[in-house]
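For reference, the chains in residue letters:
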Amino acid sequence: MSIAWFDPPRAHPRLQHHALGIAFRHVLMPASGTYGYGEEFAGLYDLRWLGALVTKATTQTPRLGNGTPRVAETPSGMLNAIGLENPGVEVVVERILPTVAAYGVPIIVNVAGSDEDEYVEVVRALNASPHVRAIELNISCPNVKAGGMHFGADATAAARLTEKVKRESRVPVIVKLSPNVTDIVEVARAVERAGADALSLINTVVGMTIDIRLRRPHLWNTTGGLSGPAIRPIALSHVYRVYPHVSVPIIGVGGIAGAEDVIAFILAGAELVQIGTAHFVDPYVIPRIVHRLPELLDALGVEHIHELLGRAHPDEVLEAKQVKNGRRAVLSGPDQSADKAHAAEHAAVRAGERTRSWD
Amino acid sequence: MDEADRAVKGEGESMNAMNPPERSDTASAAPSCVPDAPRMLTTTVVGMARHAPTIVELVLAHPAMPDLQPGQFVHLRVPEGEAFLRRPLSVADYDDGTHTLRLIFRTVGVGTKRLSAVRPGDRLDVFFPPSGGFPMDIVPSGGRAVIVGGGLGVAPLLYLAKALNLRGVRVRARIGFAAVEEVYGLERLSAHAEVELWTDDGSAGRRGRVTDGLSPEEPFQALYACGPEPMFVALKARFRHDGRPMFAALEARMACAVGVCRACVVPVRADGGIVHRRVCRDGPVFPLQSLVFPGEEEWA
Ligand SMILES: Cc1cc2nc3c(=O)[nH]c(=O)nc-3n(C[C@H](O)[C@H](O)[C@H](O)COP(=O)(O)OP(=O)(O)OC[C@H]3O[C@@H](n4cnc5c(N)ncnc54)[C@H](O)[C@@H]3O)c2cc1C
Ligand SMILES: Cc1cc2nc3c(=O)[nH]c(=O)nc-3n(C[C@H](O)[C@H](O)[C@H](O)COP(=O)(O)O)c2cc1C
Ligand code: FES
């Protein structure tokens with residue numbers, strides 16, 4: 001298998017998708033926090049290998065994050081407690097996004113805050129950037145004291161925040177939900193009613209490890225967020241459970257490491273997927289999966305990947321979805337406007353130069 | 001000639017010495033491995049030796065290996081998925097003619113234990129992070145450099161000494177180990193540097209800490225260090241008011257090794273404040289005096 005790392009194919013007709021006003025070259029994107037703001041990966045391959053770029057969580061002011069150790073290994077996965085270290089929205093808007101925009105990939109900014117006001121301030125500041133195509137509201141970070149998961153754990157708080165952010169945001173708002181709740185369907189429906197344009201399922205699962213010799217937790221933060229293949233079944237079941245109850249697109253995330261995993265999430269009802277921790281095992285994972293998917297689609301006997309969308313559900317669910325939605329959920333064919341957008345973006349790209357990161 | 005050289009040449013003596021396999025570029029990639037990418041290669045183990053019961057040297061080859069600088073590290077996948085995350089190990093030597101890479105490591109846990117069980121001919125998945133290395137231009141040809149290494153920290157300094165020597169720099173190396181059984185790399189280092197050996201118990205070389213004999217009057221244009229934290233703290237204190245360039249290669253717990261996850265940050269003094277720098281991307285080599293260690297009063 002040879003892959004043109006620095007010269008990606010112009011289109012992936014069997015994988016492309018149009019949602020949230022964005023022409024996705026294909027349905028894969030990196031998960032927030034596992035790709036920085038993209039600059040480091042731009043030295044490894046052409047970022048047009050991505051369907052979209054999802055940034056690290058961005059807060060109003062710069063944050064130093066937690067103490068170390070910030071990561072620990074677990075069976076088939078890892079724990080992280082980074083603590084939302086980021087340079088703050090001002091630096092992101094003024095210095096980082098203009099650079100990253102030149103890579104020619106739609107940018108989705110992950111937003112976090114300690115309280116409603118901070119989320120709103122970040123979203124306002126992002127409105128000033130022409131490069132932001134969507135916002136992903138992180139109401140599910142388990143590693144900070146205030147904010148984060150606190151919002152995601154309570155349907156009412158989550159809905160109120162979503163509503164406030166929707167009122168401010170110039171671009172579509174994706175809400176990223178936590179699996180650390182009693183009933184994820186309730187939260188999902190609440191934020192959809194509050195105006196969420198899409199849902200990302202799921203953020204990390206709270207966990208910990210203990211150093212038995214030192215008799216204390218490995219992580220400075222005591223607990224962290226579990227990610228990687230260990231949580232894939234959990235993520236898959238959340239996508240599957242939520243799918244019948246919402247009409248907005250679902251972005252599946254959790255433990256995806258190969259083309260088969262992508263298909264499983266599509267079958268469970270995810271229109272798009274994100275890949276996180278797998279980048280740490282194989283930094284080239286997204287181009288590799290994109291390269292391999294057509295072969296897998298052949299084997300599965302479908303032309304476009306969305307012919308499989310939600311197909312793990314019983315017929316009643318699929319029929320109900322169609323009626324309820326009144327929107328095209330499957331079979332997104334070639335889209336003229338999408339192709340035009342691609343062409344424009346390609347023209348704008350000056351590929352691959354490594355740039356200094358913000359710090 | 002060191003143990004692993006004998007191992008590579010099949011000359012015996014070392015406990016695990018084996019004959020090297022065919023040249024790596026003639027063999028096809030093992031089917032269980034993912035295909036190569038510019039910075040991620042399926043290398044072949046062409047040599048393996050044990051320097052001490054828990055200190056192992058691996059020699060890896062691949063025809064497309066990117067150029068590696070002293071101070072850089074590689075990120076290794078542990079075979080058979082026995083460890084989930086990759087493991088960082090410093091480049092102890094790199095030969096750009098034969099495209100062979102040497103790693104020297106201590107077996108401390110599940111990952112290094114499994115890596116110490118590989119055999120010549122086995123395949124190892126290696127990621128080559130685009131990290132920084134030791135700044136060498138700072139010492140002119142004919143100039144002097146001092147190298148200070150402790151324990152496994154000596155590994156990257158072996159390659160550094162060779163590279164400096166090749167540039168015409170006179171290298172004085174001070175290396176320290178716990179005891180004689182732990183000593184490695186002495187012969188190889190002696191080929192490129194004037195070496196002073198220290199052990200904690202005096203079982204080889206001089207007795208004491210490697211930093212003990214180091215005086216601020218020592219002539220050098222740059223000092224390079226790698227070792228345990230107390231060694232850096234001692235060095236930093238000893239040369240506090242010395243303006244000459246000094247560099248320390250750090251370790252940190254990593255996940256991505258490309259600079260995106262921010263697992264590996266260390267506090268560094270810059271612009272009058274404390275900032276976080278990534279060991280994997282901004283490092284692993286930092287100006288010694290910029291580092292802030294937990295034990296130091298100024299950090300409190
Ligand atoms: C840039 C860099 C260069 C290094 N070079 C060398 C070298 O040349 N020789 C050598 O012997 N060791 C080196 N180390 C340390 C080496 O990476 C660890 O000893 C090794 O990862 C331990 O893995 P394990 O599975 O055997 O241990 P475990 O204890 O089972 O590992 C568990 C986890 O802790 C991490 N970990 C444990 N100890 C360390 C450590 N000291 N530093 C970073 N992560 C650690 C592991 O990567 C893993 O994620 C280096 C570390 C870094 C960051
Ligand atoms: C190191 C690390 C940092 C993360 N940072 C963020 C973040 O800033 N914002 C966020 O919404 N999710 C963050 N996540 C969660 C991931 O985006 C993703 O939801 C989760 O890891 C599950 O996917 P995976 O198993 O593919 O990694 C982070 C995950 C990891 C491993
Ligand atoms: S290990 Fe991820 S930033 Fe250094």
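As shown above, the structure is provided for reference.
Being a predicted model, the structure only gives us computed values, none of them experimental.

(A) Structural context of helix α3 (residues 116-127) of chain A. Taking 1.5 Å as the rise per residue, α3(A) with 12 residues should run 16 Å; its terminal C-alpha atoms sit 17 Å apart, in good agreement. Where α3(A) is concerned, the buried positions are A:Glu116, A:Glu118, A:Tyr119, A:Val120, A:Val122, A:Val123 and A:Leu126.

(B) Up close: the nonpolar core. In terms of nonpolar packing, the biggest core is built from 125 residues, with A:Leu28, A:Tyr45, A:Leu126, A:Leu137 and A:Leu293 touching the most fellow members. Top element by residues in this core is helix α10 (residues 285-300) of chain A. It accounts for seven residues. Built from parts of two domains, this core gets at least three residues from each of domain 1 (3-128) and domain 2 (144-290) of chain B. Within the second largest apolar cluster, 34 residues are counted, among which are B:Ile104, B:Ile147, B:Ala204 and B:Cys226.

(C) Expanded view of the packing of aromatic side chains. Scanning all chains against the criterion turns up nine aromatic pairs over all chains. Ring geometry for B:Phe134 versus B:Tyr224: centroids 5.6 Å apart, planes at 85 degrees, classification edge-to-face. Pair noted here: B:Phe134 is in the loop between β7 (123-127) and β8 (144-150) and B:Tyr224 is in strand β12 (residues 222-226), with a separation of 90 residues, a long-range link. The pair formed by B:Phe134 and B:Tyr224 is uniform in burial state, with each residue classed as buried. Here the aromatic cluster, defined as three or more aromatic residues joined through ring pairs, consists of A:Trp5, A:Tyr35, A:Phe41, A:Tyr45 and A:Tyr284. Between the NZ or CZ atom of B:Arg244 and the centre of the ring of B:Phe220, over which it lies, the distance is 3.7 Å.

(D) Representation of the site of ligand 1 within the structure. All names here are of chain B. The immediate surroundings of ligand 1 are formed by 20 residues, with Arg 87, Pro 88, Gly 111, Thr 112 and Arg 253 found nearest. In the environment of ligand 1, a nitrogen atom lies 2.8 Å from a nitrogen or oxygen atom belonging to the side chain of Ser 90. In the environment of ligand 1, a nitrogen atom lies 2.7 Å from a nitrogen or oxygen atom belonging to the side chain of Glu 251. When the free accessible area of ligand 1 is taken as 830 Å², the share hidden by the protein chains comes to 84%. Looking at the shell around ligand 1 element by element, the count peaks at four residues for strand β4 (residues 87-90). Among the residues forming the shell around ligand 1, the class breakdown is 12 nonpolar, four polar and four charged. Looking at which domains feed residues into the shell around ligand 1, each of domain 1 (3-128) and domain 2 (144-290) gives three or more.

Conventions adopted
Residues numbered from 1 in each chain as written. Chains lettered and ligands numbered in written order. Predicted model: local features only at pLDDT ≥ 70, side-chain atom pairs only at ≥ 80, totals over all residues. Heavy atoms only, no water. Helix = DSSP H or I, 4+ residues; strand = E, 2+ residues; numbered from the N terminus. Expected span 1.5 Å × (residues − 1). Buried < 20%, exposed > 50% of the residue type's maximum accessible area, 1.4 Å probe, protein only. Core = buried A, V, L, I, M, F, W, Y, C linked by side-chain atoms within 4.5 Å. Domains from an automatic or database assignment. Phe/Tyr/Trp six-rings, centres within 6.5 Å; stacked < 30°, edge-to-face > 60°. Lys NZ or Arg CZ within 6 Å of the ring centre and 35° of its normal. Near = heavy atom within 4 Å. Polar contact = N/O pair within 3.5 Å; in protein donor to acceptor, adjacent residues only side chain to side chain. Areas by Shrake-Rupley, 256 points an atom, 1.4 Å probe, with all protein chains shown as cover. Nonpolar A, V, L, I, M, F, W, Y, C, P; charged D, E, K, R; others polar.

In short, geometric facts, not functional conclusions.
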